[in-house]
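# Reading the structure
One-letter residues, chain by chain:
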Amino acid sequence: MNKIFFVFILIVSINSYAQDNEVSGTMGIDFMSTPSFRDYINQNYADGEEMSDFNSAVQFTVKYGRLLNPNFMLAAEVGYQIYSYNNYFSLGQYDVSINNIMPSILTYYVVSGDGYNFKFGGGAGLRLLYITEKLPGDANPTDYLATGFGLLLRGEGSTRIDGNLHAHVGADIRYDIAGKPEKREDDLSSNRTFEEVEFNSLIVGVRLGISYYF
C-alpha cells in the first residue's frame, strides 16, 4: 500500500511540473559589434558619419518554455532584430537595413520562490539575415541573404504582477556566425578593398517584457 501511494505521489508531482509552462514576449536593445560590416561602411559610405565599434539595434522575442522539474526548463524562442544605417551624399542617400530572424533552443537552471524566479542558461540556433542596400544615385535597392548559426548566454528574472502574469527582465550575450551575404549576381563586397563582408557579430542586449505561467 505504501509503495502504491509513493508511486501515485511521484506521478502527480511529475505531471504538475509538466504543466508548468511559460509564454513570454519581450522588447529590448542590442549593442552589436560587426567588424567586417563596420569596415565596409567606414571605407565606402561613412563620409564623416563613421560607424562605431558597437551599434544599437532593436530586438523583439517570443518564447515558450516548459519546466521539466523544479530546477530545469527547456525553451524555444524566436527573436527578430532590426538595424539600419543611412548617410547622405551629393549623389544621393546610402541606406542599408538588416533584419535578423533568430530561432533558438535554450536550457535554463531555475531558482524560484513565491511569486518570482531567476533563470540562468543558454542555447543555440539558426540566424537568417535579410539585408537591403540602396546605393547613392541608384533608385533600385539590392536584397541579400545570409544564413548562419548563433550561440547565446542569458540571465533573466520575473516577478508576479497579478495571478499568472509576471514582469520579465533579461540580459543576453550572443555571438552570431552569420557568414557572407549572397544575392543573385554576386556577393556584397567593398568597393575599395573588394573583400567580401562577413556579418559575424558579438552582441550584448537587455530586454523587458511580460511572462504568463500556466
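Residues numbered from 1 in each chain as written. Predicted model: local features only at pLDDT ≥ 70, side-chain atom pairs only at ≥ 80, totals over all residues. Heavy atoms only, no water.

### Observations regarding the overall build of the protein chain
Selection criterion: Put simply, DSSP H or I for four residues or longer makes a helix, DSSP E for two residues or longer makes a strand, and each gets a number counted from the N terminus. Every residue pair with non-hydrogen atoms within 4.5 Å of one another is taken to be in contact. Areas reported as accessible are Shrake-Rupley estimates using a 1.4 Å probe. Residue values count occlusion only from the protein chains shown.
When you go through the protein chain residue by residue, the secondary structure sums to two helices and eight strands. Helices and strands appear in the protein chain in the N-to-C order α-β-α-β-β-β-β-β-β-β. Excluding contacts between residues fewer than 6 apart, the proportion of contacts in the protein chain whose partners are at least 24 apart in sequence is 67%. Of the roughly 11800 Å² that the protein chain leaves accessible, carbon and sulfur atoms contribute 62%.

### Some words on the sheet that holds strand S1 (residues 21-33)
Basically, it comes down to this: Any two strands with at least two DSSP bridges between them are considered paired. Here, axes are lines fitted to C-alpha atoms. For helices the fit covers the stretch in contact, and angles between N-to-C directions go from 0 to 180 degrees.
Reading around the barrel, the eight strands line up as S1-S2-S3-S4-S5-S6-S7-S8 and close back on themselves, with antiparallel pairing between neighbours. Neighbouring strand axes in the sheet, compared pairwise and without regard to direction, differ in orientation by 20° on average. Where strand S4 (residues 92-113) and strand S5 (residues 116-134) come together, 16 bridges link them in antiparallel fashion. Paired with Ile98 across the two strands is Ile131, which belongs to S5. Sheet strands touched by helix H2 (residues 35-44): S1, strand S3 (72-89), S4 and S5. Its angle to S4, the strand with the most contacts, is close to 160°.

### Details of the packing of aromatic side chains
Applied cut-off: Geometry of aromatic contacts follows a simple scheme: Phe, Tyr and Trp rings, the Trp one being its six-membered ring, pair when their centres are within 6.5 Å, and the pair is stacked under 30 degrees between planes, edge-to-face over 60, tilted otherwise. Burial classification: accessible surface area is computed with a 1.4 Å probe over protein chains only, and a residue below 20% of its type maximum counts as buried, one above 50% as exposed, and the rest as partly exposed.
On inspection of all chains with the given rule, the structure shows seven aromatic pairs. Look at Tyr45 and Tyr94: their rings are 4.0 Å apart centre to centre, the planes differ by 10°, and that puts the pair in the stacked class. Remark: Tyr94 occurs in strand S4 and Tyr45 occurs in the loop between H2 and strand S2 (55-69); sequence separation between them is 49 residues. Both residues of the pair, Tyr45 and Tyr94, belong to the buried class.

### Considering the confidence of the model for the protein chain
What counts is decided by this rule: Note: pLDDT gives the predictor's confidence per residue, expressed from 0 to 100.
Overall, the prediction assigns the protein chain a mean pLDDT of 87, with 86% of residues at 70 or greater. Every residue in residues 3-19 scores below 50 in pLDDT, and together they form eight contacts with partners more than four places removed in sequence or on other chains.

### Overview of the environment of Glu198
Counted only if it meets this: For this analysis, a polar contact is any N or O atom pair within 3.5 Å, provided that within protein one partner can donate a hydrogen and the other can accept it, and provided that sequence-adjacent residues contribute only side-chain to side-chain pairs.
Looking at the element boundaries, Glu198 is found in the loop between strand S7 (165-177) and strand S8 (201-213). Note: C-alpha distance between Glu198 and Leu188 (10 residues apart in sequence) is 9.0 Å. Setting aside its immediate chain neighbours within four residues, Glu198 contacts Thr34, Ser36, Phe37, Gly179 and Lys180. A polar contact is formed between the side chain of Glu198 and the side chain of Asn200, at a distance of 3.4 Å.

### What to know about the side chain of Glu77
Residue placement: Glu77 occurs in strand S3. A polar side-chain atom of Glu77 sits 2.6 Å from a polar atom in the side chain of Arg154.

### Thoughts on H2
Applied cut-off: In this description, one arc is meant: the one made by directions from the helix axis to the C-beta atoms.
Of all the positions in H2, only Phe37, Arg38, Tyr40, Ile41 and Asn44 are classed as buried. The arc enclosing the buried residues of H2, seen along the axis, measures out at 160°, which places them on a common side.

### Structural notes on the pairing of S4
For a regular strand, side-chain orientation follows a simple rule: the groups alternate between the two sheet faces. As paired strands, S3 and S4 are joined by 18 bridges and run antiparallel to one another. Bridged to Phe72 within S4 is Tyr109.

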